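# Reading the structure
Chain residues, written in single-letter form:
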Amino acid sequence: MALRASTSPRRLLAALVTSALALTVAGCGGGSSGGGGLTYWSMWKESEPQAKVLADAVRAFEAETGVKVSVQWQGREVLKKVTPALRGGDVPDLVDQEENPIRATLVQADAFRDLSGVFAAEVPGSAKLVSQVVSDKYLGTLKKDGKPFLVPYEVIGHGLWFDSAAHAGVAASPPKTWQDFTALLAKSKSEGRSPIALDGDIPYYNAYWTIGALQNALGPGRVSELAKDPTGKAWDTPEVRAVLASVRDLSRQGYFAPGFDGSKWPAVQEKWAQGQADFLLMGSWAPSETGAKAKSGISYQFLPLPGARQSVPVGSLGFTIPKRAKNPGAAERFIAYFMKDQHLGRIATEAKNLTPNPALPAPPELAGLAKATAELPISRPLDGLEADYPGYVDEVFYPANDLLVKGKSEVDGFLAQLAERQANYWKKHR
Amino acid sequence: MAVTAIPVVRPRKAVAGGGALARRRRRTFWPFLLPALVIYLAFFIGPALASLWISFHKWDGVGEMEPRGLQNYEILFSDDTFLAAFGNTLLILVVVGAATFAVSFGLTMVLRDMRGKRFVRAVLFFPYIISPLVLSVLWGFLFRTPEGLVNSAWAALTGGTGVNWLGDHLFGVIMIGLIWVNTGFYTTVIMAGVDRIPPDLYEDCALAGATAWQRFRHVTLPLSWDVVATAAVIWTISSLKIFEFIYAFGGNTNDMPTVTVWNSALFVYGATFGGRTPQYQFGYASASAVVTLAVITVLVVLLRRLLRREAVAF
Amino acid sequence: MRRFGIGAVWALVVFNLGVLGWMGVSALREHTAIFDTPWGLETFGQIENFVRAWSESNFGRAALNTVVLVVAASVVVVVVSAPAAYALAKSRTRLSGAMAVFFALGIGIPVQVIVIPLFVLMQDAGLVNSLSGLFVLYVALSLPFTVFLLTGFFGSLPEEVEEAAEIDGAGPIRTFVQIVLPLARNGLVTALLLNLIGLWNETFIALVFIQDSEKQTLSLSLLGFLQTQQYSGSDYGALLAGVCILVLPMLAVYVWLGRRIIEGLTVGAVK
């Protein structure tokens, strides 16, 4: 409030100056767009497949309902535009993004609309409710105080990717335990191949290994508890140490493809797509990100990261509605409308991604992922560290973990650095 | 950035005292200054003061501000992440600054009577006009290990694999890049100062049998001193805001680079908009900016004291 | 020693030109080949990279916006700063010295810190999501540096000319416009060009304040295009082509007027 008070005397002055200056650039002005219809700001750029699917749905929605939709293809930074406007500016009626950034902005500031109404609404022409179309397996983390804040339309699963054309044996009998898996790596290494592709300059790719292994050993949600400890010492248990040692071992055994430490993304991932390395641990964007430039005949296959308590880390991308939206009713109608098979299904067939509706067929590249999400328990990517503790991974986990994965520190060094950084983090985030 | 200007206030013949010209200047002072001053106050100083105010609060940029007194500052001084980032800012200021000035002087001495001087100077200047984002993409291609140009050249020469630049010496690589980008600009500025030294002084030196170092120490440096001093102040202020070149060493355009290479500008971004799950700690980020700005202001004042000398007349 | 120096200088020149050449060449190569042989020439000649970058990132409209916006803002900031810098440079009072430092301080304030208060201010003035609003911000944010730069130039102008004008009976405004400004022409052009370059590459402010895609600037379009590499597939050939589209106009301006920048800096530094 004090901020507003301090700006208001300047308002007149600012208006005077700006109107005087604005005259000099005649022809570039213009206020905000909008009107009676629905304003939708999207995380996609117009040329991307998801944007095409959404744009078609928008056109069909307009034709059927007569509601005018104005779409702005903002791209990935869409929330950087929404956040400043939350305090009093013109917010869009509908936004889409990944769950984490939405949680850090709209949810954290309690500026989201409770979407219970959407889930209770009927998907037009299907005689089913939205809640019956979207698998509730994915919805556990998409609520705050019991109020859903996101309706997912795309699901990203994380795990190992490999070329089943080149590794038919792995596809036939996938490794279930860490021992089986490392035996496989050792065999590949002994045959002169590079077992694992990793772009080590991307810190969360490094973290997928450590946190993935920990999740699979301790069970989902446990890592998140370790990260909550204000002293940072909770990590130092025999169980955790054993997992860390096995992760540390990957580089000691030389399992990572050359260039994993010292090259730049996407160099190593490119090598993998060219068949120069066996496994890539990544989200389900791996096929679409490398697909256009991959070697011919590659057949993408998914394999959940092996471990005793295996789970599939899954994150969602979807729609959200700001609390101050002017036309939330129309936004809710559009969300329900988009859940129709003919639209949502194209997220799978054309955008080559998994949808939250298990009844819709998955694209062939992701068939293994669809099967795994149906059969195994779901966990959160990076066990929710990134989602729940903003800044934690950047300031605490990544710097310590990069050294461990690349073999530049040992388990003791990792634990010491992590404890120190974690204590520092919680000191300022009390 | 740019050159000459204020900080080195050169003592000159007193004009302010009297005379019609001076009187007239006093009359036109405010009308001339006012448009710029109004815009500056409204769009820069106003928001900056608001930020100072915000720095005493906990604020996510959306909800209500929660007063915190000096707590943000207390936390800041024991926050290892901030202290490391601030250390990097100082490292850039001192190491990159010293190296840039040394290289620029070296280039100036070579360029002074070299053929093709204009062309060379123009080419050296050009990294300065290209978006830092682009330069760092290229810098990555040069230094990546094992297939980068630097290591390929090293392998061709010695047969060894060479240093893992990006993996083990990322901040060093960034600093070398910053020296490269800034050298062109400061060479141009310093050359401007050196070019005005009368050539006969160098002839006298040659007659007296002075070495290159003596020439530099007793002629070049003192006679271009005020240009150097001004350039040093400009560097100090602008080195604070170096951002894109470091930022682009993150994996993707959305991602922050590893925390060990953050400077204070990246720290501010990391505490507000940066990262995949941004922190939106505007109060804390404001406090860190206030501290950085305060320290740099002190440094600038000290630097001006230190560098102030009577300009040598010639 | 001297021979070594000259060798080093030419090596640096070759390096800088090589950087430029590499960027241009790679922008015309195919993605996989760039990674396989970063310093080779295979697959050279892929014009499609440019076509893809241009059409997918909506550069056409953005180019027009950017040219109008950046040129207008650079001109206006010089027009506003010149008299102020002149006043600061020529009146040697304690106040003007303090004012000069006050302006210089603005160079050191990171824009990320003032962006939220700035947004509130612009909101009140109804200037969010408008190119006029962005124009005002660009003028304001370029001001400290421009005033700082020009103060140096005006400070280096000889007193005698103005005294002569005074004796001829010219008024203060006429003296400034007809005598001082032409003398400081190099400085003004330098300031104009440096602002042009700086604003051409500016992304953050545009990102926060522009919402409609038809109001995007070039650097914003490029950023959006770079970010589609996440999820939708990476293509370094097209990426570098996009980068070239952004860089080439500035390079052309530099080749055409670069001499002016350098001369301007030189004249300003020498009284």
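The structure presented is a predicted model; accordingly, all values stated were derived computationally and were not measured. (Residues numbered from 1 in each chain as written. Chains lettered and ligands numbered in written order. Predicted model: local features only at pLDDT ≥ 70, side-chain atom pairs only at ≥ 80, totals over all residues.)

### A word on the overall build of chain A
A count of helices and strands for chain A gives 19 helices and 13 strands. Its C-alpha atoms give chain A a radius of gyration of 24 Å, near enough to 22 Å, the size a compact globule of 430 residues would have. Counting only C-alpha atoms and orienting by the principal axes, one finds that chain A spans roughly 70 × 50 × 45 Å. Taken over 430 residues, chain A has a buried fraction of 55%. Intrachain contacts of chain A at a sequence separation of at least 6 include 76% that bridge at least 24 residues. (Helix = DSSP H or I, 4+ residues; strand = E, 2+ residues; numbered from the N terminus. Rg over C-alpha atoms; globule rule 2.2 N^0.38 Å. Buried ≥ 20, exposed ≤ 12 C-beta atoms within 10 Å, placed from the backbone. Contact = placed C-beta atoms within 7 Å.)

### Concerning the overall build of chain B
A count of helical and extended segments in chain B gives 14 helices and two strands. Each principal axis of the C-alpha distribution contributes one length, and for chain B these read about 70 × 70 × 30 Å. With 314 residues in all, chain B has 51% of them scored as buried. Contacts in chain B between residues far apart in sequence, at least 24 positions, make up 67% of those at least 6 positions apart.

### Considerations on the pairing of strand β8 (residues 151-163) of chain A
One face of the sheet, then the other: side chains in a regular strand alternate in exactly this way. Residue and element names in this part refer to chain A. Of all 13 residues in β8, 13 are buried; the element is thus mostly enclosed. Here β8 runs beside strand β12 (residues 312-320); their pairing, made up of six bridges, is antiparallel. Paired with Gly 157 across the bridge in β12 is Val 314. Taken together, the four bridges between β8 and strand β10 (residues 279-283) define a ladder with antiparallel strand orientation. In the sheet register, Trp 161 faces β10, and the bridge partner there is Leu 280. Alignment of β8 against strand β11 (residues 300-303), held across four bridges, turns out to be antiparallel. Bridge pairing in β11 places Phe 162 opposite Gln 301. (Pairing = 2+ DSSP bridges.)

### Considerations on the interface of chain C and chain B
Buried accessible area, meaning the area lost when the parts come together, often serves as the stated size of an interface. The interface is formed by 79 residues belonging to chain C together with 80 residues belonging to chain B. At 13 residues, helix α7 (residues 131-155) of chain C tops the list of elements feeding residues into the side of chain C that touches chain B. Its residues placed into classes, the side of chain C that touches chain B shows 54 nonpolar, 19 polar and six charged. (Nonpolar A, V, L, I, M, F, W, Y, C, P; charged D, E, K, R; others polar.)

### Section: the domain arrangement of chain A
All names here are of chain A. Assigned domains within chain A: domain 1 (33-149 + 315-375) and domain 2 (158-311 + 382-428). With centres defined by C-alpha atoms, the gap from domain 1 to domain 2 works out at 30 Å. Of the residues lining the interface, 12 residues belong to domain 1; the matching set on domain 2 comes to 12 residues. Broken down by element, the residue count for the side of domain 1 that touches domain 2 peaks at four residues, all from helix α4 (residues 99-107). Across the side of domain 1 that touches domain 2, the residue classes break down as five nonpolar, three polar and four charged. (Domains from an automatic or database assignment.)

### With respect to the nonpolar core
By size, the foremost hydrophobic cluster in this structure holds 312 residues, and its most contacted members are A:Ile196, A:Phe334, C:Ala73, C:Ala84, C:Val139 and C:Leu143. Summarising the domain contributions, this core has at least three residues from each of domain 1 (33-149 + 315-375) and domain 2 (158-311 + 382-428) of chain A. Among all residues touching A:Ile196, those that are not within four sequence positions of it are A:Leu185, A:Leu250, A:Tyr255, A:Phe256, A:Ala257, A:Ala277, A:Asp278 and A:Phe279. (Core = buried A, V, L, I, M, F, W, Y, C linked by C-beta atoms within 7 Å.)

### So, the packing of helix α4 (residues 59-90) of chain C against helix α12 (residues 218-227) of chain C
Residue and element names in this part refer to chain C. Contact geometry of α4 with α12 gives a least axis separation of 8 Å together with a crossing angle of 150°. Considering their axes alone, α4 and α12 lie roughly antiparallel with respect to each other. In this structure, α4 uses Phe 59, Ala 62, Ala 63 and Thr 66 to contact α12, whose residues at the interface are Leu 218, Leu 220 and Ser 221. Residue classes in the contact of α4 with α12 are distributed as five nonpolar, two polar and no charged. (Axes fitted to C-alpha atoms, helices over the stretch in contact; angles between N-to-C directions. Parallel < 35°, antiparallel > 145°, perpendicular 65-115°, else oblique.)

### Section: the pairing of strand β1 (residues 38-42) of chain A
Residues and elements named next belong to chain A. Counting buried residues in β1 gives five out of five residues, a clear majority hidden from the surface. Neither face of β1 is exposed, since Leu 38, Tyr 40 and Ser 42 on one face and Thr 39 and Trp 41 on the opposite face are all buried. Where β1 meets strand β2 (residues 69-73), five bridges bridge the pair, whose relative direction is parallel. Within β2, the position partnered with Trp 41 by the bridge is Gln 72. Alignment of β1 against strand β3 (residues 94-98), held across two bridges, turns out to be parallel. By the bridge assignment, Trp 41 is partnered in β3 with Val 95.

### Digging into the environment of C:Ile245
Residue and element names in this part refer to chain C. Along the chain, Ile 245 turns up in helix α14 (residues 236-269). Residue Ile 245 is classed as buried on the basis of its 21 C-beta neighbours within 10 Å. Spatially, the C-alpha atom of Ile 245 lies 39 Å from that of Gln 178, the residues being 67 residues apart in sequence. Each residue touching Ile 245, except ones within four places of it in the same chain, is listed here: Ala 53, Trp 54 and Phe 59.

### Quick notes on the environment of B:Thr28
Secondary-structure assignment places B:Thr28 in helix α1 (residues 20-54). Since 19 C-beta atoms lie within 10 Å of it, B:Thr28 is described here as partly exposed. Taking C-alpha positions, B:Thr28 is 45 Å from B:Asp113, a pair spaced 85 residues apart along the chain. In contact with B:Thr28, not counting residues within four places along its chain, are C:Ala87 and C:Pro172.

### Structural notes on unusual backbone geometry
Here A:Trp265 and A:Pro266 are connected by a cis peptide whose omega angle stands at 0°. Note that A:Pro266 resides in the loop between α11 (238-252) and α12 (267-273). In this model, C:Thr43 sits at a positive phi of 60°, which is unusual for a non-glycine residue. Tracing the backbone shows C:Thr43 in the loop between α2 (31-36) and α3 (48-56). C:Thr43 gets classed as partly exposed once you count the C-beta atoms within 10 Å, which come to 16. Of note, the phi angle at C:Asn129 is positive, near 55°, even though the residue is not glycine.

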